[in-house]
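Each chain is listed here by its residues.
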Amino acid sequence: MSTSTHRSWYKRNEIAVTPWLFLIPGIAMFALYVIIPIFQSFWISFHEWDGLGEKTWVGLDNYERLLGGDRKFETSFWNNLKWLVLYLLAIPMGLFISLFLNQKVFGIRLYKSLFFFPFVISQVVVGLVFSWFYLPGDQGLLNNVVGVFGLGPYNILGSPDTATYGIIAAGLWPQTAYCMILYLTGLNSVDPEQVEAARLDGAKGHRMLWHVILPQLKPATFIAFVVTIIGALRSFDFIAVMTNGGPFGSTRVLSFYMFEESLSEFGFRMGYGAAIAVVLFFIMLGFIGYFLWSMYQDEKGAR
Amino acid sequence: MNSMLKASVAALALGVASTSAFADGLSGDLRIVSDMSNPAPRAVMEGLVADFGAANPDLNIELEIVDREAWKTQIRNALTANAPDVVNWYAANRMGPYVEAGLFEDVSDMYEDGSLPGLEAVKGAMTLDGAQWGVPYTFYQWGIYYREDIFNELGLTEPTTMEEEMANCQVILASGRKCYAIGTKFLWTAGGWFDYMNMRTNGFDFHMELARGEVAWTDERVVQTMANWAALIEMGAFIDDHQSYSWQEALKFMTDGDATAYLIGNFAVAPMRDAGLDDSQIDFYQFPLIADVPQGEDAPTDTFHIPAQATNKDNARAFLAFVASAEVQTAINAGAALGQLPVNADSSVDADEFLEQGFDMLSTNAQGGVAQFFDRDFPAEMASVGMEGLQEFMVFPENVDDILARLEEARQRIYE
């Protein structure tokens, strides 16, 4: 009796407090490097600021200019959408390659690692290799190949109509490899008994794939979807290396535009850059919100 | 009153002493951050520090050389936090943001008290808001570098007017070559062409009015500039796919003989020589006349500045005076060093075909005035929007109205 009243406050509340103690370092870091900067961006976006002098309050001016017909913003926004949609091609392509590689023949591990290779090398290197591949005139491999069939020459990265697609194609190469590895691990956990049962019922080919294999790969598909969307929004490196936003700004995406406005050689318009960042933040929040919601629905269904 | 006079005389004497003798007596520290990171400039910078250190044995000099491209964004941090005593930058409008933010030291006193003899001619490029904010250490001419051997083969001579230029170009095109190499991937090379087309069509003063935002981009005089330029583009004078090349990559067209000329700065001579062209194969001429206006020229100037927050400003001033002095200017701009033009009127130009022609052109044949360059004369945001539009114009000249309208919209916003 007396011992329990004399126990310290910490001892009495140990079970409630300890988890928070463990969480504090993480929460502090997360707040310092993620949460607080988000609100700082919001704050800066209401100002005009060159990063050196005083901030000038301009209210919603930056947003009015941005959303009220800034052509660079419109180009960047549509390019972001192209990236999001076309980048998803990595998922079916990754699935196809993983089905193809999911067999036991001599040296299969070597083939798998070769297919996985583009994901291991840096995005900068992938971008460089592809920009050589696309070189205009008769210098690039692409034009030499299509030249055999009497086509071309094309200047993929030099034409505003094709440049973005050229960069997305370069991005798909490593992203497909990533999706492939996700599906390969997923295929390991496919229940052989179900496959056996389906086979007895006469399922094969695409019916087998669609009704038996794919439902079991749903977790892998979900992860592949998430990483591909994130990858599409992180397309900055490819663009910086391959076209630097050009020709005449036709390959900009929002993140690149934000960088140009706020941090590049001719930039340092922090307020406008922050406004772009805020818009990008809300677009991403839409996606992330959707994923959280669908995960929540799944867990509710599983219960 | 008397004592004040004495003090100022003493200060003046001290100032003269310290400049005439940047050779000795300095002590303490001097911290220099330089962007001269390419091989030849780097050697020059290290040599400067070694010489200055040898003359001032008690001075502790710390030199940090940073990447030239990276410095364009790093300078902001460097000037605000733990500022060094001397930094590199560029002349004219590019100084604007730092002058306005009070981050560059006003060194007008050095120009007034005679610490910088021979610099009167370049003072203008260092002047903003009626004061001087640094000293230049080198500059270089722009102009048309061409393949002399191909011109000889085709029987062409250096043109002086645009009609001759276009007649030459017709011959060059007929021989299966292109007239001009250019790489516009990083945009600024297109700015060089615009500078010259506009300065030759409308004159230097108009070009500067445009740079200061006093004229509309949709003005018919600008439209005329673009029309003159479009005539060259539409005859196929420029190499194809130039939007995919850097200026260095486009140099290959010239060294291979697929293009005969290149409007570029004197820094391109070294790589041309490295690529195996000798001086009998390359030569230089001034950009030809279009309208009857005094010629303006691009001659970008690189500079040294003292950050306002520097801790050893006296030592820094002595170093600036040292760099700008006639002997040092002669030495560091020689063909074997920077290979550019000295800023000091009392120094001599190295015996180099291109340096001599460039110096001659700028001192006798640039009555219109000397501009810095598109991206240094125009404010940063106008320069970036502008160069992007100019690149588009060089690929799709038919979009000219849309491009000029866009630039005009940007002008109205940026200069307000």
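Note that this is a predicted model, so its numbers are computed, not measured.

### Some details on the pairing of strand β9 (residues 259-265) of chain B
All names here are of chain B.
Piece 1. The buried fraction of β9 is high, at seven of seven residues.
Piece 2. Relative to β9, strand β7 (residues 142-147) runs antiparallel, the two sharing five bridges. When the bridges of β9 are listed, Trp142 appears paired with Gly265.
Piece 3. Relative to β9, strand β8 (residues 178-180) runs parallel, the two sharing two bridges. Opposite Tyr180, over in β9, you have Ala261 as the bridge partner.

### Notes on the domain arrangement of chain A
Residues and elements named next belong to chain A.
Piece 1. Entries for chain A in the domain assignment read domain 1 (2-44) and domain 2 (68-302).
Piece 2. Each of domain 1 and domain 2 has a C-alpha centre, and these two points are 38 Å apart.
Piece 3. Between domain 1 and domain 2, the residue contacts involve four residues of the former and six residues of the latter.
Piece 4. Looking at the side of domain 1 that touches domain 2 residue by residue, the class counts come to three nonpolar, one polar and no charged.

### Looking at the UniProt feature "domain: ABC transmembrane type-1" (unreviewed entry) in chain A
Piece 1. Residues annotated by UniProt as "domain: ABC transmembrane type-1" (unreviewed entry) correspond here to residues 76-293 of chain A.
Piece 2. Secondary structure across residues 76-293 of chain A comprises 73% helix and 0% strand; the distance between its end C-alpha atoms is 28 Å.

### Brief notes about the packing of helix α10 (residues 163-188) of chain A against helix α13 (residues 218-233) of chain A
Residue and element names in this part refer to chain A.
Piece 1. Contact geometry of α10 with α13 gives a least axis separation of 9 Å together with a crossing angle of 165°. Considering the angle they form, α10 stands roughly antiparallel to α13. Handedness of the crossing formed by α10 with α13: right-handed. Together, Gln175, Tyr178, Cys179, Leu182, Tyr183 and Gly186 of α10 and Pro219, Ala220, Ile223, Ala224, Val227, Thr228 and Gly231 of α13 make up the contact between the two elements.
Piece 2. Tallied by class, the residues present in the contact of α10 with α13 amount to nine nonpolar, four polar and no charged.

### Details of the UniProt feature "transmembrane region" (unreviewed entry) in chain A
All names here are of chain A.
Piece 1. Per the UniProt record, "transmembrane region" (unreviewed entry) is annotated on residues 20-44, 83-102, 114-135, 163-187, 208-232 and 271-293.
Piece 2. Structurally, residues 163-187 is divided into 100% helix and 0% strand, and its ends, taken at the C-alpha atoms, are 36 Å apart.
Piece 3. As annotated, residues 271-293 has a helix share of 100% and a strand share of 0%, and its two end C-alpha atoms lie 32 Å apart.

### Here's the deal with the domain arrangement of chain B
Residue and element names in this part refer to chain B.
Piece 1. In terms of domains, chain B is made up of domain 1 (23-140 + 300-347) and domain 2 (142-298 + 373-414).
Piece 2. Distance between the C-alpha centres of domain 1 and domain 2: 31 Å.
Piece 3. On the side of domain 2, eleven residues touch domain 1, which itself brings ten residues to the contact.
Piece 4. Grouping the constituent residues of the side of domain 1 that touches domain 2 by class yields five nonpolar, four polar and one charged.

### Things to note about helix α13 (residues 313-324) of chain B
Each α-helix turn comprises 3.6 residues. Residues three or four places apart therefore point the same way.
Residue and element names in this part refer to chain B.
Piece 1. With twelve residues, α13 should cover 16 Å at 1.5 Å per step; its first-to-last C-alpha distance of 16 Å lies within 8% of that length.
Piece 2. Across the twelve residues of α13, ten count as buried, placing the element largely inside the fold.
Piece 3. Among the residues making up α13, those that are buried are Asn315, Ala316, Arg317, Ala318, Phe319, Leu320, Ala321, Phe322, Val323 and Ala324.

### Here we look at the interface of chain A and chain B
Piece 1. Residue-level contacts link 18 residues of chain A with 21 residues of chain B.
Piece 2. Of the residues contributing to the side of chain A that touches chain B, the split by class is seven nonpolar, eight polar and three charged.

### What about the environment of Val215(B)?
All names here are of chain B.
Piece 1. Along the chain, Val215 turns up in the loop between α9 (204-211) and α10 (220-234).
Piece 2. In this structure the C-alpha to C-alpha distance between Val215 and Glu408, which are 193 residues apart in sequence, comes to 9.2 Å.
Piece 3. Filtering out sequence-adjacent residues up to four positions away, Val215 remains in contact with Phe206, Glu209 and Leu210.

Conventions used here
Residues numbered from 1 in each chain as written. Chains lettered and ligands numbered in written order. Predicted model: local features only at pLDDT ≥ 70, side-chain atom pairs only at ≥ 80, totals over all residues. Buried ≥ 20, exposed ≤ 12 C-beta atoms within 10 Å, placed from the backbone. Helix = DSSP H or I, 4+ residues; strand = E, 2+ residues; numbered from the N terminus. Pairing = 2+ DSSP bridges. Domains from an automatic or database assignment. Contact = placed C-beta atoms within 7 Å. Nonpolar A, V, L, I, M, F, W, Y, C, P; charged D, E, K, R; others polar. UniProt positions renumbered as here; feature names shortened; annotations may be inferred. Axes fitted to C-alpha atoms, helices over the stretch in contact; angles between N-to-C directions. Parallel < 35°, antiparallel > 145°, perpendicular 65-115°, else oblique. Left-handed = near helix turned anticlockwise from the far one by under 90°. Expected span 1.5 Å × (residues − 1).

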